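# Remarks on the overall topology
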Amino acid sequence: AQSVTQLDSQVPVFEEAPVELRCNYSSSVSVYLFWYVQYPNQGLQLLLKYLSGSTLVESINGFEAEFNKSQTSFHLRKPSVHISDTAEYFCAVSPPNSGAGSYQLTFGKGTKLSVIP
Amino acid sequence: EAGVAQSPRYKIIEKRQSVAFWCNPISGHATLYWYQQILGQGPKLLIQFQNNGVVDDSQLPKDRFSAERLKGVDSTLKIQPAKLEDSAVYLCASSIPTGGTANEKLFFGSGTQLSVL
């Protein structure tokens, strides 16, 4: 079984400041790692994912996350946030090639990022 | 491309009543998921379908919850009878299974918010 811990339920940050949203996971097997974002009144959207290869993965809107196997972490970072980044961010894990070949995600409780003008 | 459609958007019922939610996945998506998201928590997988067959329903409270996907396209999730603790957002997601490869992605609907009074 897997579990995900997001240590911060809310993170306020000023516009153009850097931000880090923390995620730690627990699993007895190797996992795939994901960050999803939920903007107000919208559905969950995939932000980025780590499956294998380079431990640093990037999204198209400037976020990046680094897989650290020894610390079982997958923290999300952005060097300069914008008002439009205000949303709730969920870290998730999945065992590789689970079930019918599709991901079975276990989510953390989420971190609400509030960008202050 | 049309997204995952869910209805109703909101539902308020009294405990012990029954309720049903509907989901229409993206055309061609063989895999369909129902997730339950309780306030302050991350989404929890309830059931996963591949076409009209159940892949995983280990976390579905089968004494009161049921789900079906008779023709392998749209799906309904039913609760009968509802309890106060069923108050949550019920999310539907769909994907094309590709054996867990890097190209696979889940698409989420906006959810149905259920309040049980």
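Above this text is the structure in question.
Treat the numbers as computed from the prediction; the structure is a model and nothing was measured.

### Let's talk about the environment of proline 18 of chain A
Residues and elements named next belong to chain A.
- Its location among the elements puts proline 18 in the loop between β2 (10-14) and β3 (19-21).
- Looking at proline 18, the relative accessible area reads 58%, which means it is exposed.
- In this structure, the C-alpha to C-alpha distance between proline 18 and asparagine 41, residues 23 residues apart in sequence, is 25 Å.
- Setting aside its immediate chain neighbours within four residues, proline 18 contacts Val13, Lys78, Pro79 and Ser80.

### With respect to the sheet that holds strand β3 (residues 19-24) of chain B
Residues and elements named next belong to chain B.
- If you trace the 4 strands from one edge of the open sheet to the other, you get β1-β3-β8-β7, paired in antiparallel fashion. The strands lining the two open edges of the sheet, one partner per strand, are β1 (5-7) and β7 (65-68). Across the sheet, the axes of successive neighbouring strands diverge by a mean angle of 15 degrees, strand direction being ignored.
- Across 4 bridges, β7 lies against strand β8 (residues 75-79) in antiparallel orientation. Of the residues in β8, the one forming a bridge with alanine 67 is leucine 77.

Definitions and cut-offs
- Residues numbered from 1 in each chain as written.
- Chains lettered and ligands numbered in written order.
- Predicted model: local features only at pLDDT ≥ 70, side-chain atom pairs only at ≥ 80, totals over all residues.
- Heavy atoms only, no water.
- Helix = DSSP H or I, 4+ residues; strand = E, 2+ residues; numbered from the N terminus.
- Buried < 20%, exposed > 50% of the residue type's maximum accessible area, 1.4 Å probe, protein only.
- Contact = heavy atoms within 4.5 Å.
- Pairing = 2+ DSSP bridges.
- Axes fitted to C-alpha atoms, helices over the stretch in contact; angles between N-to-C directions.

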